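An overview of the molecular structure
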There are 2 protein chains.
Amino acid sequence: MTSRSSAPDAAAAASFDHENAAAAFHDLFSRLSACGATPGGGVTRLCGTPEDGAARAILADFLREAGATLRTDAVGNQFGLFRLAGAADAPVVMLGSHLDSQPRAGRFDGTYGVAAAAAIGAALMRARRAGAAFDADLCAVNWTNEEGARFRPSLLGSGVYAGHHDAETALGCRDDAGVALGEALAAIRALGSDAAPPLPACYLELHVEQGTILEEAGARIGLVTRNWGAAKIEVVFTGEQAHTGPTRMGRRRDALYAAALLITALRTVAEAWPDRVHTSVGRILVAPNSANVVPAETVLSVEVRADDDGLLSEATAWAERAIAAAAGEARVGVALRSRSRRPVRPLPAEVCDLAEACAEAESLHALRMDTVAGHDALSLLGLCPTGLIFVPSRDGIAHDEAEFTADADLEAGLRVALRAATRLCRAGGSPVRALHDAADPSRGATR
Amino acid sequence: MTSRSSAPDAAAAASFDHENAAAAFHDLFSRLSACGATPGGGVTRLCGTPEDGAARAILADFLREAGATLRTDAVGNQFGLFRLAGAADAPVVMLGSHLDSQPRAGRFDGTYGVAAAAAIGAALMRARRAGAAFDADLCAVNWTNEEGARFRPSLLGSGVYAGHHDAETALGCRDDAGVALGEALAAIRALGSDAAPPLPACYLELHVEQGTILEEAGARIGLVTRNWGAAKIEVVFTGEQAHTGPTRMGRRRDALYAAALLITALRTVAEAWPDRVHTSVGRILVAPNSANVVPAETVLSVEVRADDDGLLSEATAWAERAIAAAAGEARVGVALRSRSRRPVRPLPAEVCDLAEACAEAESLHALRMDTVAGHDALSLLGLCPTGLIFVPSRDGIAHDEAEFTADADLEAGLRVALRAATRLCRAGGSPVRALHDAADPSRGATR
């Protein structure tokens, strides 16, 4: 049982200052969007590039000015800690996402969640300065290399924080030019030596949906209850360099032909389970990649995603048979250089319930749904109560400059997250208590 | 009727100085092989790179020291003119090939023909100094960018010389990094301002076979009587960048999937006419080429080769239907950025007959055959009598570090070419006269 705040209603009112929070969000978001802006209205802001460095600096300045203490850990994750509770050992509510992007991508992916987290931290700090009482701190975070575009794997910074990778291994990941993540981050002064904060009492992430479910349902808020499983395989086909002219077809050991056989076979795998299995090859490296030379080596990034673990296993097994069959047909060698599997897992119901209650309080139509894409929230899943809140993406367009979410939708998500963060920070970071306290308006926060 | 030489037999003996020629060839060839040498025993000597520059400098030094006058034209073709005939307007016999290579390629392709030409020029110059009489000059040539690896199209330098391209267009061709051929050649000081010599009375090229026909027949010398036709098409598929996770399969417009459909279909085209049609895609550019992004654009270098013009048309039409079908199936746009067609053509019988006579004189088993690959000789075909002489490639390996031709085979080709060049330079460059003169030993060269 907590003691009652001296002015809980005033505090609540101040912390729900949506207009100020929205203004701060839009200002920060538009300044971040300028880093790596493309002529087509998107961004190219690959991890560890000067554009990433510029965005990190803008975020750091914002956080500091808003009253946060900044910490940067050994893999460049940026944490802005807003001391709201007044106690050194107060629990922490963490909100965030990532500032890195895919090449020629949209400006909302990741950046939306980071800018919203920073704006929410600033709003709660203002509320605290105006007399509101909290019993948890808020930490806004920007995770390093979520996209896996320049450095693989994806979700790298949050994965290190969650203990799935060690920092040294992560810093040793190299891009296609041979530059290590550690070198790239050092070059933009994004490497830190601060200890990362301990695991939060609750982690929340706001993100654009990147699909059409919300749009088709006419809903403003997506409450993620589950993630699709995903298997990622890096396949290496090793053929034999040869002349494309005189070399007889039957003698060729063409690594690109093997790749083509695999890519078409993978489509068949997805087509066997419509809307339940997605497959893709988004990336292929070809050597020597010269017009008159039979390719000697191809490296493919294969993905299989499914809405069920058994199905994921079945589809992945099919994909692996297709890999072997393609190698056999093209008479090339094959190796699986790396394999990872993300199982289907539910997100904790209590965080979802809290977000739903907050959406209801904002009179916003919310929909429970899956996430097919990976997000940093999934790195923390199982380690702490974790919530993932979506807003609509026009036409479902993602990883493309044409990605778009309307201001009204951005603000709807911001309002839900602001309300959820406020309640969490007044309930010691516990989503169960935050739900319970809201259900009983007589219960305030500790001072 | 030509006047008789004062010492035709001595001259002939001196010019057929195989041992000296072979020693000079091996020395030059091994120095050239060091330029861009790879650990696997091959070379990476792409056009316009410092490695190309180093090889060009070695060649120029050799030619100058051997008594040639050096000329470098506006696209970097290097000509070493050996003044053998003594008259300013003497006809010219031209021998050569190219020093550029594919990535991680063999050291024989092209370099063999250049080093042999230079060594033959040096041998004939020595013969002249020893009193031999010639009535044609000899020009050794290194053609720029034969391979089409860094800059496309292939056969670029010889194509400019033959008038198929203008120099300005050629110099404006850009590599994948956006560097123009002219800039690359300027950077290695390989651009010249000399006028190219006029069309020769006869052009001869020595080359490794890059196939297995000679090896299988147990022949040392290939006499090329005809080239296969070739159609080259640069295909651009334009899809839509999207997230590989949530984007529904049916909504994807995947440019790499289109490419895969085309690559597999092209194989079917070749399989319809075994050993008469070859197809390939050796080069593909993918954008944005990121693991989590549905590819928005692919650019493919498609080749169709056939031993008959009608067949080439039929196979190319099928390939073009496959291009359209792949675009339709993958729901992407398609454009053919460039198309070229090299028809099937015979090489002049008189040059072939002369080379055959020379092989016979050397007691070498020669075989008449097609060339499937393009060579600089084909650029000059139709403009002057043109000959192409092959020596065996072990296992037919080409465009690969494992490419190999034994010294005995290199020297066999060198002997045939030295004999043919000597006879041509004693017969005013005319292959018909060279054949006729040889048939009648009493006929010598003009002085």
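Residues numbered from 1 in each chain as written. Chains lettered and ligands numbered in written order. Predicted model: local features only at pLDDT ≥ 70, side-chain atom pairs only at ≥ 80, totals over all residues. Heavy atoms only, no water.

Another aspect to go through is the overall build of chain A. Helix and strand counts for chain A come out as 14 helices and 15 strands. Radius of gyration (C-alpha) of chain A: 23 Å, near the 22 Å computed for a compact globule of 447 residues. In terms of principal-axis extent, the alpha carbons of chain A reach across some 85 × 45 × 40 Å. Summarising the internal contacts of chain A: among those between residues at least 6 apart in sequence, 78% fall at separations of at least 24. Approximately 15,000 Å² of chain A is accessible, and the part contributed by carbon and sulfur atoms is 51%. (Helix = DSSP H or I, 4+ residues; strand = E, 2+ residues; numbered from the N terminus. Rg over C-alpha atoms; globule rule 2.2 N^0.38 Å. Contact = heavy atoms within 4.5 Å. Areas by Shrake-Rupley, 256 points an atom, 1.4 Å probe, with all protein chains shown as cover.)

On to the relation of the copies chain A and chain B, then. Laying chain A over chain B is done by rotating through 180° and shifting 0.0 Å along the axis; what remains is an RMSD of 0.0 Å. The relationship between the two copies is best expressed as a two-fold rotation axis. Within chain A, Ala-260 of chain A has its C-alpha nearest the rotation axis, a separation of 2.0 Å. Comparing interface residues between copies, 100% of those in chain A also sit at the interface in chain B, which points to an isologous, same-surface contact. (Least-squares fit on C-alpha atoms with pLDDT ≥ 70 in both.)

The subject of this paragraph is the interface of chain A and chain B. Tallying the contact residues gives 64 residues for chain A and 64 residues for chain B. In terms of surface lost to chain B, no three residues of chain A exceed Gln-241, Met-249 and Arg-267 of chain A, which account for 13% of the buried area on that side. Across the contact surface, chain A and chain B share 4 salt bridges. Notably, a salt bridge pairs Glu-216 of chain B with Arg-248 of chain A, separated by 3.3 Å at the nearest N-O pair. For the side of chain A that touches chain B, the secondary-structure elements that each account for two or more residues are helix H8 (213-217), strand S8 (242-243), helix H9 (255-271), strand S9 (277-287) and strand S11 (297-306) of chain A. Among the elements that make up the side of chain A that touches chain B, the one with the highest residue count is S9 of chain A (11 residues). For the side of chain A that touches chain B, the residue count by class is 27 nonpolar, 20 polar and 17 charged. (Buried area = accessible area lost by both parts, 1.4 Å probe. Salt bridge = Lys/Arg side-chain N within 4 Å of Asp/Glu carboxyl O. Nonpolar A, V, L, I, M, F, W, Y, C, P; charged D, E, K, R; others polar.)

So, on to the packing of aromatic side chains. Inspection of every chain in the model, using the stated rule, returns 18 aromatic pairs over all chains. One aromatic cluster is present, formed by Phe-25, Phe-29, Phe-108, Tyr-112 and Phe-404 of chain A through successive ring pairs. Note that Arg-267 of chain A overlies the ring of Tyr-257 of chain B, its terminal NZ or CZ placed 4.0 Å from the centroid. (Phe/Tyr/Trp six-rings, centres within 6.5 Å; stacked < 30°, edge-to-face > 60°. Lys NZ or Arg CZ within 6 Å of the ring centre and 35° of its normal.)

With that settled, consider the sheet that holds strand S9 (residues 277-287) of chain B. Residues and elements named next belong to chain B. Taking strand neighbours across the sheet as the criterion, the 4 strands line up as S9-S11-S7-S12 in an open arrangement whose pairing is antiparallel. Two strands in the sheet have a free side with no partner beyond their single neighbour: S9 and strand S12 (333-342). When the angles between neighbouring strand axes are averaged without regard to direction, this sheet yields 15°. Sheet topology note: the strand S7 (residues 229-238)/S12 ladder contains 9 bridges and is antiparallel. If you follow Val-236 over to S12, its bridge partner there is Ala-335. Helix H9 (residues 255-271) contacts S7, S9 and strand S11 (297-306) of the sheet and is inclined by roughly 170° relative to S9. (Pairing = 2+ DSSP bridges. Axes fitted to C-alpha atoms, helices over the stretch in contact; angles between N-to-C directions.)

Moving on, we get to the domain arrangement of chain A. All names here are of chain A. Domain boundaries assigned for chain A yield domain 1 (8-228 + 345-439) and domain 2 (229-342). Spacing between the C-alpha centres of domain 1 and domain 2 amounts to 35 Å. In this complex, domain 1 contributes 11 residues to the contact, which on the side of domain 2 involves 14 residues. Summing both partners gives a buried area of about 920 Å² for domain 1 against domain 2, and 48% of it is carried by carbon and sulfur. Contact with domain 2 buries area across many residues of domain 1, yet Arg-152, Trp-228 and Val-372 alone supply 58% of it, more than any other trio. Counting every contact that joins domain 1 to domain 2 gives 1 salt bridge. Residues belonging to the side of domain 1 that touches domain 2 are distributed by class as follows: 5 nonpolar, 3 polar and 3 charged. (Domains from an automatic or database assignment.)

On to the pattern of salt bridges, then. According to the stated counting rule, one finds 50 salt bridges over all chains in the structure shown. Arg-31 of chain B is the salt-bridge partner of Asp-27 of chain B, the closest N and O atoms lying 3.2 Å from each other. Of this pair, Asp-27 of chain B and Arg-31 of chain B are both found in helix H2 (residues 18-33), 4 residues apart, which corresponds to roughly one turn of the helix. Taking the relative accessible area as the measure of exposure, Asp-27 of chain B reaches 41% and is therefore partly exposed. With its nearest N and O atoms 3.1 Å apart, the salt bridge here joins Asp-137 of chain B to Arg-83 of chain B. Pair noted here: Asp-137 of chain B is in strand S4 (residues 137-143) and Arg-83 of chain B is in the loop between strand S2 (78-82) and strand S3 (92-98), with a separation of 54 residues, a long-range link. Taken together, the salt bridges that share partners define one network made up of Arg-152, Asp-176, Glu-234, Arg-283 and Arg-337 of chain A. (Buried < 20%, exposed > 50% of the residue type's maximum accessible area, 1.4 Å probe, protein only.)

Now for the packing of H2 of chain B against helix H4 (residues 111-129) of chain B. Residue and element names in this part refer to chain B. Where H2 meets H4, the closest approach of the two axes is 9 Å, and the angle between their N-to-C directions is 140°. Taken together, the axis directions place H2 and H4 in an arrangement best described as oblique. For the crossing formed where H2 meets H4, the hand is right-handed. Listed contacts from H4 to Asn-20, Ala-21, Ala-24, Phe-25, Leu-28, Phe-29 and Leu-32 of H2 are Thr-111, Tyr-112, Ala-115, Ala-116, Ala-118, Ala-119, Ala-123 and Arg-126. Tallied by class, residues from the contact of H2 with H4 come to 12 nonpolar, 2 polar and 1 charged. (Parallel < 35°, antiparallel > 145°, perpendicular 65-115°, else oblique. Left-handed = near helix turned anticlockwise from the far one by under 90°.)

Turning next to unusual backbone geometry. Phi is mostly negative for residues that are not glycine, and the peptide bonds are mostly trans. Residue and element names in this part refer to chain A. A cis amide bond, omega 0°, links Arg-152 with the succeeding residue Pro-153. Positionally, Pro-153 belongs in the loop between strand S4 (137-143) and helix H5 (156-161). The backbone phi angle of Asn-145 is positive, close to 50°, even though this residue is not glycine. The residue Asn-145 is located in the loop between S4 and H5 in this model. Here Asn-145 falls in the buried class, since its relative accessible area comes to 1%. One non-glycine residue, Ser-363, lies in positive phi territory at about 55°. With respect to the secondary-structure elements, Ser-363 resides in the loop between helix H11 (349-361) and strand S14 (366-371).

If a strand is regular, its side chains alternate between the two faces of the sheet. All names here are of chain B. Of all 10 residues in S11, 9 are buried; the element is thus mostly enclosed. Note: S7 against S11, 10 bridges, orientation antiparallel. Bridge pairing in S11 links Gly-229 to Ala-306. The pairing of S9 with S11 spans 10 bridges and is antiparallel. Note on S11: the bridge partner recorded for Ile-284 is Leu-300.

Taking 1.5 Å per residue as the helical rise, H9 of chain A with its 17 residues ought to reach 24 Å, and the 25 Å between its terminal C-alpha atoms agrees with that figure. The residue sitting at the N-terminus of H9 of chain A and contributing the capping side-chain oxygen is Asp-254 of chain A; that oxygen lies 2.8 Å from the backbone nitrogen of Leu-256 of chain A. (Expected span 1.5 Å × (residues − 1). Polar contact = N/O pair within 3.5 Å; in protein donor to acceptor, adjacent residues only side chain to side chain.)

With that out of the way, let us pick up the side chain of Asp-52 of chain B. All names here are of chain B. Relative to the helices and strands, Asp-52 resides in helix H3 (residues 50-65). The exposure class assigned to Asp-52 is buried, which follows from its relative accessible area of 2%. Beyond its immediate stretch of four places on either side in the chain, Asp-52 contacts Arg-45, Leu-46, Cys-47, Leu-99 and Ile-188.

Residues and elements named next belong to chain B. In terms of residue burial, S3 counts as a mostly covered element, since 7 of its 7 residues are buried. Where burial is concerned, the two faces of S3 agree: the one with Val-92, Met-94, Gly-96 and His-98 and the one with Val-93, Leu-95 and Ser-97 are both buried. Bridge count between S3 and S4: 7 bridges; the pairing is parallel. Looking at the pairing, Leu-95 lines up with Ala-140 of S4. In this fold, S3 hands off to H4, which returns the chain to S4; that crossover is right-handed. Pairing between S3 and strand S5 (residues 202-208): 3 bridges, direction parallel. Each bridged residue has a counterpart across the sheet, and for Leu-95 the counterpart in S5 is Leu-204. (Right-handed = clockwise from strand over helix to strand, strands pointing away.)

Our focus in this paragraph is the state of the cysteines. Residues and elements named next belong to chain B. Counted by the stated rule, this structure contains 0 disulfides over all chains. A disulfide-free cysteine, Cys-425 has its sulfur positioned 9.5 Å from the sulfur of Cys-202, the nearest such atom. On the basis of relative accessibility, which here comes to 0%, the residue Cys-425 falls in the buried class. (Disulfide = S-S within 2.5 Å.)

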